[in-house]
Amino acid sequence: MSENKSGASRRSFLAGAGAAAGMTGLQITIPGIALAAGFPERPITLVVMYSAGGGTDTIMRKIAQEMADAQGWNVNVINKPGAVGGIATQFVGGQRPDGYTVLGGANYNRFVRVLGHADFTPWKDWVPFKAANALASWSVAADSPHQTMNDVIAAAKANPGSVTISTSGTGGVWHELAMIIANMAGVELKYVPYKGGKPATLAGLQGETDIAGGGLHEHIDLIRAGKLRNLCHTSIEDITLDDGTVLPSIASIIPEARALLPVGATYNFMVKRDIPPEAMQALADGFVAAVNSDGFQELLKAKFFQPDIKIGEEADREGALMEAVTVEIFNKFKDQIGAEVKTAEELGLPKPEDFDAWWPPEGYTPPPIKSGA
């Protein structure tokens, strides 16, 4: 594999994992496709894999609302947090594959197989519809002794493992990105898991942990209110709020981090691959209408999410690439995960630098969705 091709794979992953804050919305249309006859004939249940109030819940509830408004459907939302999505995934996977129970997921559900919480392949046995990306954020309470990221680095170097940071769950995306940032900073932290971004944010706010780890969207209202102070985020450039407050990019503190940015979380509807094609197409139509709606786009702008719509094989490919990258990262930092980690060989995945030559893998079939894209 050439170095250029390896770089292309890496850039493809980073582009999927996050996008610049100024990114404009991507419009996808589905021309001339009729909704599935009779679908839906009863309410749809959207099962969110993280707790209420976090980024995944915020995105999924807004999509459900906009989908209901656009399509005239009845969409109920429930939360089943735990095992970085494993509990919700097992619940939805155990339901009849008819399209009436949908997984409200994040990060292509790539952690459950890597951590051994499930034996299915997320991008092969499920169909993801991607809505948006988010930026990672480290923030501290207003009265924290750590005024800046450099204060945290100094404290962690003076006493390795003494500085604590909250995550949305062991082996989740904010855990993964916190390890990457800490590694770049050359420090050792103690990672404290919670069941979602909101409780992780509250942990930092209330002093349960030194740092609130999570997404900028989960911190921004508390930052604006002066209750949290942002130490860094994973956009390429600093962000200046309307009141002049500057939120520093990690690249302004650790310049070599720029090559990895922007990076963060992704948000995905996920349906079982064996649901009727007509139901899958109807859900794809409804999803695209929802994420292109003015209401959804306004939410993204207010919370510093970035629109990034992907469906069909494009979404499958990105999910597989991100899973391959996670396997490599988790095996590199295995001693910091606190859980068993599968290897690429065990999961039948290539190294990230070999991904372009590997995709599509033998036996892969694109989902039966007509996107018009």
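Predicted, not measured: the structure shown is a model, and the values here were computed from it.

**Student:** In this structure, what is going on with the overall build of the chain? I would like to understand it.
**Tutor:** Counting secondary structure elements, the chain contains 15 helices and twelve strands. Buried residues in the chain amount to 58% of all 373 residues. Contacts spanning at least 24 positions in sequence make up 79% of the contacts within the chain whose residues lie at least 6 apart. Roughly 14,700 Å² of accessible area belongs to the chain as shown, and the carbon and sulfur atoms make up 49% of that amount.

**Student:** Would you mind showing me how to read the pairing of strand β3 (residues 101-106) here?
**Tutor:** With respect to burial, β3 is a largely interior element, six of its six residues being buried. The two faces of β3 match: Thr 101, Leu 103 and Gly 105 on one face and Val 102, Gly 104 and Ala 106 on the other face are all buried. Relative to β3, strand β1 (residues 44-48) is paired through four bridges, and the arrangement is parallel. Note on β3: the bridge partner recorded for Val 48 is Gly 104.

**Student:** Can you help me understand unusual backbone geometry in this one?
**Tutor:** Trans peptide bonds make up the majority, and among non-glycine residues the majority have a negative phi. Here the residue pair Phe 39 and Pro 40 is connected by a cis peptide bond, since its omega of -5° sits within 30 degrees of zero. Relative to the helices and strands, Pro 40 resides in the loop between α1 (3-17) and β1. The amide bond that connects Leu 261 to the next residue, Pro 262, takes the cis arrangement and shows omega of -5°. With a phi angle near 40°, Val 84 is a residue other than glycine that sits in the positive phi range. Non-glycine residue Asn 107 carries a positive phi angle of around 60°. Assignment of secondary structure puts Asn 107 in the loop between β3 and α4 (111-114). In this structure Asn 107 comes out as buried when scored by relative accessible area, which is 1%.

**Student:** Looking at this structure, how should I read the side chain of Ser 249?
**Tutor:** Here Ser 249 shows up in the loop between β10 (246-247) and β11 (264-272). Residue Ser 249 is classed as buried on the basis of its relative accessible area, which comes to 1%. Not counting residues within four places of it along the chain, the set of residues in contact with Ser 249 comprises His 233, Ser 235, Ile 236, Glu 237, Asp 238 and Leu 261.

Criteria and thresholds
- Residues numbered from 1 in each chain as written.
- Predicted model: local features only at pLDDT ≥ 70, side-chain atom pairs only at ≥ 80, totals over all residues.
- Heavy atoms only, no water.
- Helix = DSSP H or I, 4+ residues; strand = E, 2+ residues; numbered from the N terminus.
- Buried < 20%, exposed > 50% of the residue type's maximum accessible area, 1.4 Å probe, protein only.
- Contact = heavy atoms within 4.5 Å.
- Areas by Shrake-Rupley, 256 points an atom, 1.4 Å probe, with all protein chains shown as cover.
- Pairing = 2+ DSSP bridges.

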